Amino acid sequence: MEGTIFHSQLKEQASTLKEALLSFEQESFASAKTSCRKIIEKIKQIIGEWREVDRSESLYDKLKSVVNSLYSFASIGGPHEGITTQEETDFILKNTTSLLFYINSLLKNERITQTTEK
């Protein structure tokens, strides 16, 4: 992660991911989960302005579904009602990390179409 240059829209989320990783290492699972939820929430906002990924509306719809599902999954426990376990937090953290790198690649390589573009 240290060697990765993040798109300007994701710099804050990259920093939040570092915090999440540190929280996880310190076994503060609720805090790590909350950080992941914040990252996913921002990603939801970013992709909400998109229409296509790799010139495909279907791929975009599937990505949007994955993001929404991960956000929903990350919204149980932490400061919200529910249980927060190490295994669950690890799953959310790994998926959030992968999602952040994927969105970064899409943005940096201009593989998305905005809703305002034709």
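Check the entry above for the structure.
This write-up is about the structure you can find in this document.

How each quantity is defined
Residues numbered from 1 in each chain as written. Predicted model: local features only at pLDDT ≥ 70, side-chain atom pairs only at ≥ 80, totals over all residues. Heavy atoms only, no water. Phe/Tyr/Trp six-rings, centres within 6.5 Å; stacked < 30°, edge-to-face > 60°. Helix = DSSP H or I, 4+ residues; strand = E, 2+ residues; numbered from the N terminus. Buried < 20%, exposed > 50% of the residue type's maximum accessible area, 1.4 Å probe, protein only. Lys NZ or Arg CZ within 6 Å of the ring centre and 35° of its normal.

**Topic: the packing of aromatic side chains**
Turning to step 1, where the next piece is worked out: One pass over the structure, following the stated rule, counts three aromatic pairs.
Turning to step 2, where the next piece is worked out: A centroid spacing of 5.5 Å and a plane angle of 55° characterise the contact between Phe6 and Phe101, whose relative ring orientation is tilted. Residue Phe6 is found in the segment before α1 (11-25), and its partner Phe101 is found in helix α4 (residues 86-108); the two are separated by 95 residues along the sequence.
Turning to step 3, where the next piece is worked out: Note on Phe101: relative accessible area 28%, which makes it partly exposed.
Turning to step 4, where the next piece is worked out: Plain terms: the ring middles of Phe73 and Phe91 are 5.4 Å apart, the flat faces sit at 75° to each other, and that makes the pair edge-to-face. Pair noted here: Phe73 is in helix α3 (residues 57-74) and Phe91 is in helix α4, with a separation of 18 residues, a long-range link.
Turning to step 5, where the next piece is worked out: Among the residues examined, Phe73 registers a relative accessible area of 37% and is labelled partly exposed.
Turning to step 6, where the next piece is worked out: For Phe91, a relative accessible area of 43% translates into the label partly exposed.
Turning to step 7, where the next piece is worked out: Over the ring of Tyr71 we find Lys44, and its NZ or CZ is 4.3 Å from the ring centre.

**Quick notes on unusual backbone geometry**
Across residues other than glycine, the phi torsion is negative in most instances, and most of the peptide bonds are trans.
Turning to step 1, where the next piece is worked out: Look at Glu27: it is not a glycine, yet its phi comes out positive at around 60°.
Turning to step 2, where the next piece is worked out: Among the residues examined, Glu27 registers a relative accessible area of 59% and is labelled exposed.
Turning to step 3, where the next piece is worked out: Residues other than glycine seldom take positive phi values, yet Arg55 does so here, at roughly 60°.

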